[in-house]
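Structural overview
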Amino acid sequence: MDNALAIEIGRGLAIAGAGLAVGLGCSGSGKGIGIASQAVGGVLSEKPDLFGRLLVLLALPGTQGFYGFITAILIFVRSGLITGQMIITPGTGLALFVLGFGVGLALFFSAQWQGEASAASIALVARRPEAFGRSVILPAMVETYAVVALLVAILAINWLTASNDVTAFIRAQ
Amino acid sequence: MKALSKGQHRWGFVCGQISVLEGRLMSYDFFMTLGGIEKSEDVLHRLQETSLREFMVPGAETWEDWSTIIDSYVHSQIDELKKASPSPEITDVFLLNEDYVNLKRAINGKNALFPKNVFSESRLNEIASGNPALFPEIIRPSISAIANPAGAQSENPIITDIVLDGCYLRQYLWLISKLNCPLLKEWSECRVLSKLIVVLWRALKAGHNLKIYQQYLLPLEPFNHLISELCATTELRSWGNIIPGIIGDIWRECFEVSEDEQISKFEQKVSDFITQQVKQAKLQTMGPERVGAFCWGLNMEAFNLKLIVSGKLNGLPSNMLKDRIRQTYV
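Residues numbered from 1 in each chain as written. Chains lettered and ligands numbered in written order. Predicted model: local features only at pLDDT ≥ 70, side-chain atom pairs only at ≥ 80, totals over all residues. Heavy atoms only, no water.

Observations concerning the overall build of chain B
The test is simple: Counting from the N terminus, the helices are DSSP H or I runs at least four residues long and the strands are E runs at least two residues long. Atoms counted for the radius of gyration: C-alpha only. Globule rule: 2.2 Å times residue count to the power 0.38. Burial classes follow relative accessibility: with a 1.4 Å probe on protein chains only, a residue under 20% of its type's maximum area counts as buried, one over 50% as exposed, and anything between as partly exposed. Contacts between residues were defined by any pair of non-hydrogen atoms, one from each residue, lying within 4.5 Å. Note that accessible areas follow from Shrake-Rupley with a 1.4 Å probe, and for residues the cover is restricted to the protein chains shown. Charge counting follows a simple rule: Lys and Arg are positive, Asp and Glu are negative, and His as well as the terminal groups are ignored. Lys charges are placed at NZ, Arg charges at CZ, Asp charges at CG and Glu charges at CD.
The secondary structure content of chain B amounts to 16 helices and 0 strands. Radius of gyration (C-alpha) of chain B: 20 Å, near the 20 Å computed for a compact globule of 330 residues. Its C-alpha atoms put chain B at 50 × 45 × 45 Å along the principal axes. A burial count over chain B gives 54% of its 330 residues as buried. Considering only intrachain contacts with a sequence separation of at least 6, the fraction spanning at least 24 residues in chain B is 62%. When the accessible surface of chain B is summed, it comes to about 14600 Å², and 50% of that surface belongs to carbon and sulfur atoms. Side-chain charges in chain B split into 35 positive and 39 negative, and the spacing between the mean points of these groups amounts to 3 Å.

Laid out in structure tokens, this is it:
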């Protein structure tokens, strides 16, 4: 395979992976916050004084969008897109693509489920405002798995884009 | 246990409201306490500590005053939920009885008693002039049979009542079927079946010919065959072999109590059973089941309130009242 073409394919796959991670993460967060905000709106129509507490529960499903953003930025930085020296092998590019897609899926679904869990906690706080502390734990449990996905993404991107891999590829050509 | 519908996020707003309103419902223990208070003034004083307070008016003393207060308390909450609901069917189910009172009055050339909901002013005016064209297809043929031109009194008020009962129950089931929720369907069928049994039971006790009921109540799917069988059986004891499921079990149980108590006990036990059933909806964060369950709970609260207030105003013994208090949603 032509060297330039191989790098082009690798670059394309890596950018697509970053796009999927941020796209799916942000879509999931949008939906999760949408679900929770419906419940918050209803509660606030009856008890406006609960706004401060409910805002925390409302914001929880929003973190997945940021995790997707971090994953994408990390791919851009580590692959050299930002510095203008983007040399990615097709194999590494494919790995980054699959990684971005997998992380994106994890973020997408966890954000939606967290939205559902937040809505349940909002119902709990609406009836028993004193249970706010415990109610935050429920959607926070869902967050654990989004954090796990982000950690895997950070480690995998670092390993995949270690500079020796790239130089080895160039030397082989 | 019936499955609850899932992914009903558009019901989130109204269910958020319900999360708050549920906390204001009165508990069974509270009603038992009210039932045990001797003086009616003390009961009314205790009611000022509840959410009913906003609807109380100075000088309310008679049963009619309190009935109006409780009705407006229920109506205003259900009406508010209707405005916040993505589709109105489930709240309409609970406002339908008021609409049918208005409809009956319109057929007899009288003014509406309750706020208009399912049947608008124009529809009631149309029916008052003998034209049921604006009514839903599901009840229009039956309404046509009893609509009199220019508000003339109906020739046979019993038949008018039977036709309206049939239309009410038909529309009730029709509204629920539009929501496509197994729990609501099961609950509404229990309720309709129990209503039908009570109507026929009272008719039989009053010495009416049940063939008239078969003729004017039907069609009422899925109970057509059952009603025909009940109407053909004038021996009350045999009904126990005809009525199916849990309602049949309750009927047989209530048939064993003293004759004066049978129907009221049956109504109470069925309502307690439905309340237990709808409590399952508390597990749902968002969905029409939650709205329906809350409205049912509100209706049970209104029933208990009316029972206590009327009982205390009429000086009924506490034990008698406590025995009749129905299970509550919270």
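Resuming the write-up.
Digging into the confidence of the model for chain B
All names here are of chain B. Put simply, the test is: Known as pLDDT, the predictor's per-residue confidence is scaled from 0 to 100.
Averaged over all residues, the pLDDT of chain B is 85; the fraction at 70 or higher stands at 97%. Averaged pLDDT values for the elements of chain B fall to 77 in helix 7 (residues 140-146) and rise to 92 in helix 15 (residues 288-313). What the predictor reports for the complex is a pTM of 0.84 with an ipTM of 0.74.

Here's the deal with the packing of helix 9 (residues 182-205) of chain B against helix 10 (residues 210-217) of chain B
All names here are of chain B. What counts is decided by this rule: Axes here refer to lines fitted to C-alpha atoms; in helices the fit is confined to the stretch in contact. Angles between the N-to-C directions go from 0 to 180 degrees. Here the angle decides the label: under 35 degrees means roughly parallel, over 145 means roughly antiparallel, 65 to 115 means roughly perpendicular, and every other value means oblique. Take the far helix as your reference; a near helix turned counterclockwise from it by less than a right angle gives a left-handed crossing, and one turned clockwise gives a right-handed crossing. Only Asp, Glu, Lys and Arg are considered charged, only Ala, Val, Leu, Ile, Met, Phe, Trp, Tyr, Cys and Pro nonpolar, and every remaining residue, Gly among them, polar.
Running from N to C, helix 9 and helix 10 cross one another at 150 degrees; their axes reach a closest spacing of 10 Å. Looking at the two axes, helix 9 sits roughly antiparallel to helix 10. Seen along the crossing, helix 9 lies across helix 10 with a hand that is right-handed. Along its contact with helix 9, which presents Leu196, Val199, Leu200, Ala203 and Leu204, the element helix 10 presents Leu210, Tyr213 and Leu217. Partitioning the contact of helix 9 with helix 10 into residue classes produces 8 nonpolar, no polar and no charged.

Thoughts on the packing of helix 8 (residues 157-177) of chain B against helix 10 of chain B
All names here are of chain B. Helix 10 packs onto helix 8 with a crossing angle of 45 degrees between their chain directions and a minimal axis gap of 8 Å. Looking at the two axes, helix 8 sits oblique to helix 10. Considering only the axes of helix 8 and helix 10, their crossing is right-handed. Between helix 8 and helix 10, the contacting residues are Ile158, Ile159, Ile162, Val163, Asp165, Gly166 and Arg170 on the first element and Ile212, Tyr213, Tyr216 and Leu217 on the second. Each residue belonging to the contact of helix 8 with helix 10 can be placed in one class, and the counts come to 8 nonpolar, 1 polar and 2 charged.

Comments concerning the nonpolar core
The line we're drawing: Each nonpolar core is a collection of buried residues, namely Ala, Val, Leu, Ile, Met, Phe, Trp, Tyr and Cys, held together in the definition by side-chain atoms within 4.5 Å.
Core analysis: the biggest nonpolar cluster contains 110 residues, and Leu47, Leu52, Leu103, Trp187, Ile197, Trp239 and Phe266 of chain B have the highest contact counts within it. At 13 residues, helix 9 of chain B tops the list of elements feeding residues into this core.

Re the interface of chain B and chain A
Condition: Once two parts are put together, the accessible area they lose, assessed with a 1.4 Å probe and summed over both, is termed the buried area. In what follows, salt bridge is the name for a side-chain nitrogen of Lys or Arg lying within 4 Å of a carboxyl oxygen of Asp or Glu. A 3.5 Å cut-off defines polar contacts: any pair of N or O atoms within that distance qualifies, except that in protein one atom must be a possible hydrogen donor and the other a possible acceptor, and neighbouring residues in sequence count only when both atoms are side-chain atoms.
Counting residues at the interface gives 16 residues for chain B, matched by 16 residues for chain A. Buried surface at the junction of chain B and chain A, summed over both partners, amounts to about 1300 Å²; 60% is from carbon and sulfur atoms. Run the count over chain B and chain A and you get 2 salt bridges. One salt bridge in this structure joins glutamate 22 of chain B and arginine 127 of chain A, with 3.7 Å as the shortest N-O distance. If you look at where chain B meets chain A, you find 5 residue pairs in polar contact (both at pLDDT 80 or more).

As for unusual backbone geometry
A negative phi holds for most residues other than glycine; trans holds for most peptide bonds. All names here are of chain B. In this structure, the amide linkage connecting leucine 218 to the following residue, proline 219, adopts the cis form with an omega of 5 degrees. Examined against the element boundaries, proline 219 turns out to sit in the loop between helix 10 and helix 11 (224-232). Here the phi dihedral of asparagine 180 falls at roughly 55 degrees; this positive angle occurs in a residue that is not glycine.

Concerning helix 10 of chain B
Given 3.6 residues to a turn, an α-helix orients residues that are three or four positions apart in the same direction. All names here are of chain B. The test is simple: In this description, the arc belongs to the directions extending from the helix axis to the C-beta atoms.
Among the residues of helix 10, Leu210, Tyr213 and Leu217 are the ones counted as buried. Buried residues of helix 10, viewed axially, fall in a sector of 45 degrees; they line one side. Where the residues of helix 10 are buried, they touch helix 8, helix 9, helix 11 and helix 12 (239-242). For helix 10, the side-chain oxygen to backbone nitrogen distance between the N-cap and lysine 211 is 3.1 Å, and the N-cap itself is asparagine 209.

Focus: the pattern of salt bridges
Tallied over the entire structure, the rule returns 17 salt bridges over all chains. Of the charged contacts in the structure, one is a salt bridge between glutamate 46 of chain A and arginine 24 of chain B, with a shortest N-O distance of 3.2 Å. Highlighted residues: glutamate 46 of chain A in helix 1 (residues 3-46) and arginine 24 of chain B in the loop between helix 1 (12-22) and helix 2 (28-36), drawn from two different chains. Looking at arginine 24 of chain B, the relative accessible area reads 33%, which means it is partly exposed. Across the salt bridge formed by glutamate 49 of chain B and arginine 46 of chain B, the nearest N and O atoms sit 3.5 Å from each other. One connected set of salt bridges, linked through shared partners, spans Arg127 of chain A together with Glu22 and Arg290 of chain B.

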